[in-house]
Amino acid sequence: MSHTAPAGTAHLTRGDLLRVIAADDGLSRLYSHVQQRMRSDAAHDLEHALRVALWTLRLGGDGIDVREAVAAALLHDIVHVPKNDPARSRASELSAAEARTLLPEVGFDHAAVDRIADAIRDHSFSRGAVPDTPLGCALQDADRLEALGTLGTFRCIATGVAMNAAFFDADDPWARQRPLDDARFSTDHFFAKLLRLPATMLTAAGRAEAGRRADIMVLLLRRLGRTTRFLLQPVAPARRRS
C-alpha cells in the first residue's frame with residue numbers, strides 16, 4: 001500500500017512531517033524510540049534525522065513510499081559510531097541490522113523492511129555503496145546534503161570539537177605542505193570529503209542542491225583565508241556530470 005503526505009512532498013515542512021508521524025502509530029513509536037536514543041551528538045540528533053526525512057521525501061517524490069522514507073530517515077543513524085572509531089565504516093550496516101529488528105515490531109511487512117534496511121545500509125559515505133532503489137538513492141542524497149552548506153559547516157565543526165580537533169592548522173590551513181588530516185583539523189574535512197560530495201549525488205535535484213550548498217562552503221573558506229591571511233587558491237567543488 002502506498003502512503004502519501006497530505007500536501008505532496010516537494011513543499012513539505014517540518015510541521016507537516018511531524019503531523020505525518022503523529023498520525024501513524026508505527027512512525028510515532030519509531031520517533032519516540034529515536035528521540036530517546038539520539039541525544040549525545042549534535043551532528044547526529046533527532047533534528048538531523050527529521051531534515052534527512054524531509055529531503056528524502058523531496059528527492060524521492062512519487063517514486064518512494066512516504067512511510068518507508070520517514071522510517072528509513074529516522075533510523076539511518078540509530079547506531080552511532082564516532083567518526084574516529086575503527087568500526088565507523090560499519091555504522092550503516094549496524095543501523096540497518098537494528099532497523100530489521102525494530103520495523104516488524106511497529107507494523108512494517110517483510111518487503112518494506114528489506115527496502116528500508118537496504119537503503120539504510122547503503123547510505124553511508126564510508127561504506128562506499130551505490131544504492132539501486134529509488135528510496136536508497138533519495139536517502140543517500142538527503143544525508144549527504146546535510147554535510148553541505150551552512151548546516152554542513154555547523155555539523156563539521158561540531159564533530160571536530162567532539163574529536164578534539166582544531167578548527168584549522170594555523171601554520172598551513174590549506175594543507176599545502178602536509179597531508180590532509182581531518183582527525184586533527186576540521187577545515188581539512190572540507191577537502192578530504194565535503195567538497196567531493198556533489199559529484200556523488202544520484203538524483204538531479206540532489207545534485208543541484210549539493211552544488212548550491214558546496215558553493216557556500218567555498219565562499220566561507222575564502223573568507224577564512226582572508227581572516228587568517230592565508231589566501232585560498234581557486235577551488236571548486238567536484239560535480240557529477242549529468
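Notes on the structure in this doc start here.

Conventions used here
- Residues numbered from 1 in each chain as written.
- Predicted model: local features only at pLDDT ≥ 70, side-chain atom pairs only at ≥ 80, totals over all residues.
- Heavy atoms only, no water.
- Salt bridge = Lys/Arg side-chain N within 4 Å of Asp/Glu carboxyl O.
- Helix = DSSP H or I, 4+ residues; strand = E, 2+ residues; numbered from the N terminus.
- Buried < 20%, exposed > 50% of the residue type's maximum accessible area, 1.4 Å probe, protein only.
- Expected span 1.5 Å × (residues − 1).
- Contact = heavy atoms within 4.5 Å.
- Polar contact = N/O pair within 3.5 Å; in protein donor to acceptor, adjacent residues only side chain to side chain.
- Core = buried A, V, L, I, M, F, W, Y, C linked by side-chain atoms within 4.5 Å.
- Axes fitted to C-alpha atoms, helices over the stretch in contact; angles between N-to-C directions.
- Parallel < 35°, antiparallel > 145°, perpendicular 65-115°, else oblique.
- Nonpolar A, V, L, I, M, F, W, Y, C, P; charged D, E, K, R; others polar.

1. Let's talk about the pattern of salt bridges
Here is step 1: Within the structure shown, the criterion is met by 16 salt bridges.
Here is step 2: Where aspartate 24 meets arginine 67, a salt bridge forms, and the shortest distance between an N and an O atom there is 2.7 Å. One end of the pair, aspartate 24, is in the loop between α1 (14-22) and α2 (25-37); the other, arginine 67, is in helix α4 (residues 66-75), with 43 residues separating them in the sequence.
Here is step 3: Overall, arginine 67 belongs to the buried group, its relative accessible area being 13%.
Here is step 4: Its salt-bridge partner being arginine 121, residue aspartate 122 comes within 2.9 Å of it at the nearest N-O pair.
Here is step 5: Given a relative accessible area of 10%, aspartate 122 falls into the buried group.
Here is step 6: Owing to a relative accessible area of 29%, arginine 121 belongs among the partly exposed residues under this scheme.
Here is step 7: If you follow the salt bridges from partner to partner, you end up with Arg100, Asp114, Asp118, Arg121 and Asp122 in one network.

2. What to know about α2
Each turn of an α-helix holds 3.6 residues, which means side chains three or four residues apart point in the same direction.
Here is step 1: For α2, built from 13 residues, the straight-helix expectation of 18 Å at 1.5 Å per residue is met to within 8% by its first-to-last C-alpha distance of 19 Å.
Here is step 2: In this structure, the buried residues of α2 make contact with α1, α3 (46-60), α4 and α5 (91-105).
Here is step 3: Of the residues flanking the start of α2, the one acting as N-cap is aspartate 24, its side-chain oxygen 3.0 Å from the backbone nitrogen of glycine 26.

3. Observations regarding the nonpolar core
Here is step 1: Counting residues in hydrophobic clusters, the biggest one holds 63 residues, and the most contacted among them are Leu30, Leu74, Leu75, Leu103 and Phe108.
Here is step 2: Listed by contribution, the elements that provide at least two residues to this core are α1, α2, α3, α4, α5, α6 (110-122), α7 (134-145) and α10 (204-228).
Here is step 3: For this core, the element with the highest residue contribution is α3, accounting for nine residues.
Here is step 4: Setting aside anything within four residues of it in sequence, one finds phenylalanine 108 in contact with Leu27, Leu30, Arg67, Glu68, Ala71, Leu103, Val113 and Ile116.

4. Looking at the packing of α2 against α5
Here is step 1: For the pair α2 and α5, the least separation of the axes is 10 Å and the interaxial angle reads 140°. Here α2 lies oblique to α5, going by the angle between them. Residues Arg29, Leu30, His33 and Arg37 of α2 form the contact with α5, whose own contacting residues are Glu98, Leu102, Leu103 and Glu105.
Here is step 2: Here the contact of α2 with α5 is built from residues that sort into three nonpolar, one polar and four charged.

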